[in-house]
Amino acid sequence: MSRRQSRTPASLESMGEVAMSIARAVAPVLPLDVFGADLLVPLVTGERVRQVNLDCAASPPCLRAAHEAVVSALPWYASVNRGAGFASGVSTRLLDAARAAIGAFAGARPDDEVILTRNTTEALNLLAAALPEGATAVVFASEHHANLLPWRRGRHVQLAPPRRRDEVVSCAERALRGLPAGARLLAVTGASNVTGEIWPIAELCAMAHRHGARVVVDAAQLAPHRRIDLRAIGADFVAFSAHKLHAPFGSGALVGRRDWLDAARPWLAGGGATRRVLPDRVEWSDSPARHEAGTPNLLGAVAFAAACRALAEAGWDAIAAHESALLEHLLRGLRTLPGVEVLSLWGPRAERIGVVTFTVAGRDPALLAAALSAEHGIGVRDGAFCAHPLVAALTDPARPQPALRASFGAASTLQDIDRLLSALDAILSRGLRWRYVRHAGRFVPDPDPRPAPDLAAGLPAEPGQAPCLSRLSA
């Protein structure tokens, strides 16, 4: 983008305050209460400032509600399903209740199954392994790698990133029409982790079903920002992660139709997945046990369910209004900065969640990200965001360029956005205040005087090996 008129902080702040006052009237419980909201971090210049986490598309902070649910469950933690102790019975009921809450959050139908996984990536890989023999998957190259690479192991059709929203459904329909007979699956994101743009899921599901195909929605990015409802949109499967929902305890889910899952080989072979093991054969359980061998992540499931409940109670209209105010404030501010270009598949009018990826002409995104952290206490993401084909299509297919991503959600504030805009304005107008060098592929301050907390001090280490955080600060 070319440089626009100079940004006036007072006017920009007043516009943002108006937008946020509207959002607060709709959503008095927002922003959500999370750990780290008041975390102070050191700067290379010696000050300490409140950390601004604008990397929520990767890992947002932990909800206090999720933490409290784990703390409440910990005294009762025990083996599930087969333990004879009283605590085992409590833990089994906890897992069952968590599974039901996660299914309800996803709008599961009565005959749908909820399979607990580690994250969205595992959920999608599990489904890819469960496809009927000879099945064909159709996927856009604009997907996150977690919803792009698993389908390459079998028969698949990969479509170019659609540059117009009104072409998405017709492009997928042409691909489905050209497929041979047999099981077919359309794998599509709910919202892009690069551009934040929301995809026309209901329309895609209706079209796919007319052609006898099923649809899986990668809702890792959509689920923290908008309601997902299998019944309403007509999707056959949905995959999403607890850590994207502010519950970073290592849990995810695949929710959807059980026939393919019950007919497939178990995702893992082991205890809990079997009905009976004989010397020469195994009788496998039905889903979900069939694909959940081993001890389940009970505490992760409990935190997952608590996060689902907290987001639903906050209200999806309220969350959308809150994020919309932040998004408009950020986009308006970026338009005033020199050389900034916001990446988009479908243009500025496309509906999007709180994810904005942009480039700055003549500036290395990795260096900008390092300076935002070291000099201003702001965390963003740089690179290609596990979506290399999409970033290449949006920048330069011949020589793909990395970009900078700011992402936020229901726990973010107007002040977070203002901090980013002010920091970018300072860097672009006055330059860096510190020296940076490349180390292990990243820019780091040289020197780096910031003291790091020695959180690894209590963990075992190799003789003579310093804890990892100390090494980073050295």
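This is a predicted model, so every value here is computed, not measured.

1. A few points about the side chain of D416
Mapping D416 onto the fold places it in helix α13 (residues 414-430). Only 2.9 Å separates the side chain of D416 from the side chain of R50, close enough to count as a polar contact. Apart from the residues lying within four places of it in its own chain, the contact partners of D416 are R50, V52 and L54.

2. Considerations on the sheet that holds strand β13 (residues 340-342)
Taken in spatial order, the four strands line up as β13-β14-β17-β16 in an open sheet, and their pairing is antiparallel. Taken across any chain shown, the strands that pair with only one partner, and hence form the sheet edges, are β13 and β16 (381-383). On average, adjacent strands in this sheet sit at an angle of 30° to one another, irrespective of strand direction. Strand contacts of helix α10 (residues 316-334): β13, β14 (355-360) and β17 (403-407), with the helix running at about 10° to β14, the strand carrying the most contacts.

3. Description of the pattern of salt bridges
Under the definition given, this model contains 28 salt bridges. Note that D364 is salt-bridged to R438, the shortest N-O span being 3.2 Å. Here R438 lies in strand β18 (residues 436-439) and D364 lies in the loop between β14 and α11 (365-376), a separation of 74 residues in the sequence. If you follow the salt bridges from partner to partner, you end up with D55, R381 and R405 in one network.

4. Overview of the pairing of strand β10 (residues 252-257)
Judged by how many residues are buried, β10 sits mostly within the fold: five of six residues are covered. Bridging between strand β4 (residues 112-117) and β10 involves six bridges; their strand directions are antiparallel. Residue pairing for β10: T117 is matched across the bridge by G252. Across five bridges, strand β9 (residues 237-241) lies against β10 in antiparallel orientation.

5. As for the side chain of T117
Inspection of the secondary structure assignment puts T117 in strand β4. Given a relative accessible area of 7%, T117 falls into the buried group. In terms of polar contacts, T117 uses its side chain to reach the backbone amide nitrogen of A253, at 3.4 Å. Once residues within four sequence positions are removed from consideration, T117 is found in contact with E122, A123, L126, G250, S251, G252 and A253.

6. Quick look at the confidence of the model for the protein chain
Looking at the protein chain, pLDDT values average 92 and 91% of them are 70 or higher. Counting contacts from residues 1-16, a segment whose pLDDT is below 50, to residues more than four positions away or on other chains yields 25 contacts. Every residue in residues 466-474 is under pLDDT 50, and counting partners more than four places away or in other chains gives 13 contacts.

7. Some points on the sheet that holds strand β7 (residues 184-189)
Backbone hydrogen bonds hold the strands of a sheet together, and the pairing may be parallel or antiparallel. In space, the seven strands of this open sheet follow the order β4-β10-β9-β8-β7-β5-β6, with mixed pairing throughout. Sheet topology places β4 and β6 (155-159) at the edges, where each strand pairs with a single neighbour. Ignoring strand direction, the axes of neighbouring strands in this sheet form an average angle of 15°. The pairing of strand β8 (residues 214-218) with β9 spans three bridges and is classified as parallel. If you follow V217 over to β9, its bridge partner there is V238. Helix α3 (residues 86-105) rests against β4, β9 and β10 of the sheet, and its axis sits at about 115° to β4.

8. Focus on the packing of helix α2 (residues 64-73) against helix α9 (residues 298-314)
Between two packed helices, the angle of one axis relative to the other and the distance separating the axes together describe the packing. Between α2 and α9, whose axes approach to 8 Å, the crossing angle comes to 140°. When the interaxial angle is binned, α2 and α9 end up oblique. As for the relative orientation of α2 and α9, their crossing is right-handed in sense. Residues A65, A66, A69, V70 and A73 of α2 form the contact with α9, whose own contacting residues are L299, V302, A303, A306 and A310.

9. Details of the environment of D382
Within the secondary structure layout, D382 lies in strand β16. On a C-alpha basis, the gap between D382 and A235 in space is 32 Å, while along the polypeptide they are 147 residues apart. Setting aside residues up to four positions removed in sequence, D382 forms contacts with P365, A366, A369, A403, L404 and R442. Within the structure, the side chain of D382 is placed 2.7 Å from the side chain of R442, a separation counted as a polar contact.

10. Thoughts on α11
Helix length check: α11, at twelve residues, gives a terminal C-alpha distance of 15 Å against a target of 16 Å (1.5 Å per residue), a fit within 8%. α11 sits mainly inside the fold: ten of its twelve residues count as buried. What α11 keeps buried is the set P365, A366, L368, A369, A370, A371, L372, A374, E375 and H376. For α11, the side-chain oxygen to backbone nitrogen distance between the N-cap and A366 is 2.8 Å, and the N-cap itself is D364.

Calculation rules
- Residues numbered from 1 in each chain as written.
- Predicted model: local features only at pLDDT ≥ 70, side-chain atom pairs only at ≥ 80, totals over all residues.
- Heavy atoms only, no water.
- Helix = DSSP H or I, 4+ residues; strand = E, 2+ residues; numbered from the N terminus.
- Polar contact = N/O pair within 3.5 Å; in protein donor to acceptor, adjacent residues only side chain to side chain.
- Contact = heavy atoms within 4.5 Å.
- Pairing = 2+ DSSP bridges.
- Axes fitted to C-alpha atoms, helices over the stretch in contact; angles between N-to-C directions.
- Salt bridge = Lys/Arg side-chain N within 4 Å of Asp/Glu carboxyl O.
- Buried < 20%, exposed > 50% of the residue type's maximum accessible area, 1.4 Å probe, protein only.
- pLDDT = per-residue confidence, 0-100.
- Parallel < 35°, antiparallel > 145°, perpendicular 65-115°, else oblique.
- Left-handed = near helix turned anticlockwise from the far one by under 90°.
- Expected span 1.5 Å × (residues − 1).

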